[in-house]
Amino acid sequence: GQWVGDAAIALWFEHLSHGPLCLLCQDPGQVAMLSPATSFLAAQSSPEDTAMILASLHLQECGTWLLPVTDNMDVSHAGGGSHWSLLAWDAT
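We now turn to the structure provided with this report. (Residues numbered from 1 in each chain as written. Predicted model: local features only at pLDDT ≥ 70, side-chain atom pairs only at ≥ 80, totals over all residues. Heavy atoms only, no water.)

### Examining the overall build of the chain
A count of helices and strands for the chain gives 3 helices and 4 strands. Counted from the first residue to the last, the chain has its helices and strands arranged as α-β-β-α-α-β-β. Counted over contacts in the chain with a minimum sequence separation of 6, partners at least 24 positions apart contribute 54%. Working note: accessible area of the chain is about 6,100 Å², and carbon and sulfur atoms make up 63% of it. (Helix = DSSP H or I, 4+ residues; strand = E, 2+ residues; numbered from the N terminus. Contact = heavy atoms within 4.5 Å. Areas by Shrake-Rupley, 256 points an atom, 1.4 Å probe, with all protein chains shown as cover.)

Structural data, given as structure tokens:
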């Protein structure tokens, strides 16, 4: 069957970012969206590297974060996994 993959999710997030949502936050009222690739990188990195990755996105300046999460645990297989979820985080 046809499945929604990380490329389709990234494309949709890019489309949404041209409205009230953003990829980099500058206002507490904005909603931050992490790309599937960034979310996967952060999930597979050490806690120190994850903190550095997330700090570079200025997420602390946003009120809400949207993070796509995959069940792929194999870093050698990009686009792997069988399920995506969307984690919504209210940072206020």
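### Here's the deal with the side chain of serine 39
Its location among the elements puts serine 39 in helix α2 (residues 36-44). Classification of serine 39 by relative accessible area gives buried; the value is 9%. Beyond its immediate sequence surroundings of up to four residues, serine 39 is in contact with Leu34, Leu67 and Pro68. (Buried < 20%, exposed > 50% of the residue type's maximum accessible area, 1.4 Å probe, protein only.)

### Details of the pairing of strand β3 (residues 64-70)
Counting buried positions over the 7 residues of β3 gives 5, a clear majority of the element. The pairing of strand β2 (residues 31-33) with β3 spans 3 bridges and is parallel. Note on β3: the bridge partner recorded for methionine 33 is leucine 66. Note: β3 against strand β4 (residues 84-90), 7 bridges, orientation antiparallel. (Pairing = 2+ DSSP bridges.)

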